[in-house]
Amino acid sequence: MSKPHYITTPIYYPNAEPHLGSSYTTTVADVLHRFKRLFGNESFFLTGTDEHGQKVADAAKARGLEPQQHVDELSRQFENVWKRLGIEPDIFMRTTYPFHIKGVQAALQKLWEKELIYKSEYEGWYSVSEEIFYTDKDLVDGKSPEGKPVTKVTETNYFFKMSQYQEKLIDYIHSHPDFILPVGKKAEVLGFLKQPLTDLCISRPKSRFTWGIELPFDKDYVCYVWFDALLNYVTALGYEVAGDDGSRMKKFWPAVTHIIGKDILTTHTVYWTTMLMALELPLPNHVFAHGWWLNTSGKKMSKSEGETQNPLELLEILGVDSLRYALVRMMRFGQDASFSLHSAKELLNEELANTYGNLVSRATNLIAQNFEGQAPEMTQNESGTKEIIEAGKALPAKIEARINAFEPDLAIQDIYAYLAEVNRYITSAAPWKTLKEGETGRKKAGETLAVVLEALRISSILLQPVMPEKTKEVLAALGNPGNSLVWGQAEKPSPIGKAPPLFPKFVSEEKKLGNQ
Ligand code: MSP
């Protein structure tokens, strides 16, 4: 049944170029979104850039540019990198878009009129790199809990009455077991909520800092960057946007899954949710916090530490679809994982070159050479055939269940496991041998190949969300047999020719060194 679904990535700070971490989040969200569509749902996919705040203003200053000029350049870079990674959002949000700015001001005005915002003296600590306020007791050894430097701030500011929603939020989390995912993260948020929730400082005086959205009720202040950024998820759907007919909001909110890294769990499950409560909007269906890509020394890869794998370099080496496959497949969604080019190559060699690509080339070559490119008839008489057919029939539902359970890596693993099984099947049925055994042998080989073709067709359609380009090539090599996920429902394909080489084998750096 078709269900509308809305999927978002964090909107990234354009203080530096995209790196492996943001590339991962955006790729995995694109893959989930494409799977939703493949299974017949209407899906709306958002990514974008979070352009206000001190961190971005500092980055602009360091380049000697006006903030607007800096974010225009950097957000274009994000858009371009995503394009090259095969990512196709329905909307690329920018918090400097005038409709977003107006939407944020309208939301602020609403909360002001409801007396959910008040003015008071602020004394505390600010972490620019996280754009987060901390109190004395939050600090660990004079730094933020994440180990980031903080600076003392004493000034008059505006506050959102976040504290009054504490109990309501705790109840909500308890009564919606799949709101915060994976389950371990729910305990983390509930742990955080054991401490009394403070009110949220949502302004910065312009005397000190101007790169933000002006408060509608006090032109001497700009809005705190997280308050501005989180609202993008609804302004993108037309919330508080003049002239909007409300239809997108009605259709997609709150059918949303916010895909985020675990570093921004509190902002999404505490700040955002209480903001929504105050605005009387329903809370998101799911917030899924994935783990971190770690570097070889087991630390989070980050741009500030300069160790990040550059996604464009990886793209050059691996090609777009192989990179997408490796990124999604190599991280158990929700846990940490380490990334190395060497392990990516090993995985791709085994799963794409030796298994998937090999199967396509074996099957299409034999059909092109021995059956004049026509897919033979399928029967179920051979040993092993029935199992392959049954597993092939069950595969689409199995994958859909994986996607609904937020297991994109396991979905790929299941498809690979099936392809490996089909590869073993063709090896043991050895049609290249039986072809030489007269008319009966030829018939048997034809039957084997027909089953393999159908298995490849179903698997390739299921791999489309992960590898949109390569699967197009595979399906073309199979004679474009249509897009039905029902076993045996192939459209009559055009003649099958010898497939071009699809997945190259990578030489790993370690082997190269070993050969010297
Ligand atoms: N601008 C805020 C988000 C606002 S959303 C309303 C922000 N931006 S960010 O540029 O710092 O991006 C953080 C996100 O980048 C993480 O949540 C995660 O999605 C991704 N990653 C950054 N480093 C990462 C790893 N090392 N590993 C995996 N993903 C990581 O926070």
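Please refer to the structure higher up on the page.
As the structure is a prediction and not an experimental result, all values here were calculated from the model.

Engineer: Got a sec to walk through the site of the ligand? Specific residues and values, please.
Structural biologist: Taken together, 23 residues are adjacent to the ligand, and Ile11, Thr25, Asp50, Trp293 and Met301 come closest. Take Tyr13: an N or O atom from its main chain is 3.1 Å from an oxygen atom of the ligand. When isolated, the ligand has an accessible area of 680 Å², and the protein chains bury 96% of it. Of all the secondary structure elements, the ones that give two or more residues to the shell around the ligand are strand E1 (5-12), helix H1 (20-38) and helix H7 (225-230). For the shell around the ligand, the per-class residue count stands at 12 nonpolar, seven polar and four charged.

Engineer: Describe in detail the sheet that holds strand E11 (residues 218-223), supporting the description with residues and values.
Structural biologist: Spatially, the three strands line up as an open sheet ordered E9-E11-E10, and their pairing is antiparallel. Edge positions in the sheet fall to strand E9 (203-205) and strand E10 (214-215), since each has one partner strand and no second. Judged from the three bridges that link them, E9 and E11 form a sheet pairing that is antiparallel. Bridging across to E11, Arg204 finds its partner in Val222.

Engineer: Now, about the pairing of strand E4 (residues 117-127): what can you tell me, with residues and values included?
Structural biologist: Where E4 meets strand E6 (residues 151-160), 10 bridges bridge the pair, whose relative direction is antiparallel. Within the sheet, the bridge partner assigned to Tyr122 lies in E6 and is Glu155. Note: E4 against strand E5 (residues 132-134), three bridges, orientation antiparallel. Across the sheet, Ser127 pairs through a bridge with Ile132, a residue of E5. Where E4 folds back onto E5 in an antiparallel hairpin, the turn is made up of four residues, including Glu131, whose phi is positive at roughly 55 degrees.

Engineer: Summarise the environment of Leu197; cite the residues concerned and give the values.
Structural biologist: By the element assignment, Leu197 lies in the loop between helix H6 (183-192) and strand E8 (200-201). Residue classification places Leu197 among the buried positions, given a relative accessible area of 9%. A sequence separation of 99 residues divides Leu197 from Thr296, and the C-alpha atoms of the two residues are 37 Å apart. With near-sequence residues (within four places) excluded, Leu197 lies in contact with Met162, Ser163, Gln166, Phe192 and Val270.

Engineer: Help me get a handle on the packing of aromatic side chains, residues and values and all.
Structural biologist: Taken as a whole, this structure holds 28 aromatic pairs when the rule is applied. An aromatic cluster is defined as three or more aromatic residues linked by ring pairs; in this entry it consists of Tyr6, Phe44, Tyr233, Phe252, Trp253 and Trp272. The aromatic ring of Phe503 is capped on one face by Lys470, whose charged end is 5.6 Å from the ring centroid.

Engineer: Quick one: what's the story with the nonpolar core, residue by residue and with numbers?
Structural biologist: Judged by nonpolar contacts, the single largest core of 89 residues is most densely connected at Trp293, Tyr325, Phe339, Tyr356, Ile399 and Leu456. The greatest single-element share of this core, amounting to 12 residues, is contributed by helix H13 (residues 341-370). Membership of the second largest hydrophobic core comes to 81 residues, among which are Ile132, Phe160, Leu200 and Cys223.

Engineer: Account for empty space enclosed by the protein, with residues named and values stated.
Structural biologist: Applying the stated rule across the entire model yields two cavities of 30 Å³ or more. Empty space within the largest cavity amounts to approximately 50 Å³. Lining the largest cavity, in full, are Gly53, Gln54, Tyr126, Glu131, Arg204, Phe209, Val222, Cys223, Tyr224 and Val225. Looking at side-chain class alone, the lining of the largest cavity contains six nonpolar, two polar and two charged residues. Estimated volume of the second largest cavity: approximately 30 Å³. Tyr325, Glu351, Leu352, Tyr356, Ile412, Ile415, Tyr416, Leu419 and Leu463 together form the lining of the second largest cavity. When residues of the lining of the second largest cavity are traced back to their parent elements, those giving at least two are H13 and helix H15 (408-429). It is H15 that contributes the most residues to the lining of the second largest cavity, four residues altogether.

Engineer: Which residues make up the packing of helix H11 (residues 311-318) against H13, and what values go with them?
Structural biologist: Two elements in contact, H11 and H13, have axes separated by 12 Å at closest approach and are oriented at 35 degrees. Read as a crossing pair, H11 and H13 show a hand that is right-handed. Judged by residue contacts, Leu314, Ile317 and Leu318 of H11 engage Leu341, Ala344, Lys345 and Leu348 from H13. Grouping the amino acids of the contact of H11 with H13 by side-chain chemistry returns six nonpolar, no polar and one charged.

Engineer: Let's hear about the pattern of salt bridges: which residues, and what values?
Structural biologist: For the coordinates displayed, the defined rule picks out 25 salt bridges. We note a salt bridge from Asp90 to Arg37, for which the minimum N-O separation is 3.1 Å. You can see Asp90 sitting in the loop between helix H3 (67-84) and strand E3 (91-94) and its partner Arg37 sitting in helix H1, a full 53 residues away along the chain. Classification of Arg37 by relative accessible area gives partly exposed; the value is 41%.

The rules behind each value
Residues numbered from 1 in each chain as written. Predicted model: local features only at pLDDT ≥ 70, side-chain atom pairs only at ≥ 80, totals over all residues. Heavy atoms only, no water. Near = heavy atom within 4 Å. Polar contact = N/O pair within 3.5 Å; in protein donor to acceptor, adjacent residues only side chain to side chain. Areas by Shrake-Rupley, 256 points an atom, 1.4 Å probe, with all protein chains shown as cover. Helix = DSSP H or I, 4+ residues; strand = E, 2+ residues; numbered from the N terminus. Nonpolar A, V, L, I, M, F, W, Y, C, P; charged D, E, K, R; others polar. Pairing = 2+ DSSP bridges. Buried < 20%, exposed > 50% of the residue type's maximum accessible area, 1.4 Å probe, protein only. Contact = heavy atoms within 4.5 Å. Phe/Tyr/Trp six-rings, centres within 6.5 Å; stacked < 30°, edge-to-face > 60°. Lys NZ or Arg CZ within 6 Å of the ring centre and 35° of its normal. Core = buried A, V, L, I, M, F, W, Y, C linked by side-chain atoms within 4.5 Å. 1 Å grid on protein atoms, 1.4 Å probe; cavity = no way out; pocket = protein on both sides within 12 Å on 5 of 7 lines; lining within 4 Å. Points joined across faces, edges and corners; volume = space filled by probe spheres on them. Axes fitted to C-alpha atoms, helices over the stretch in contact; angles between N-to-C directions. Left-handed = near helix turned anticlockwise from the far one by under 90°. Salt bridge = Lys/Arg side-chain N within 4 Å of Asp/Glu carboxyl O.

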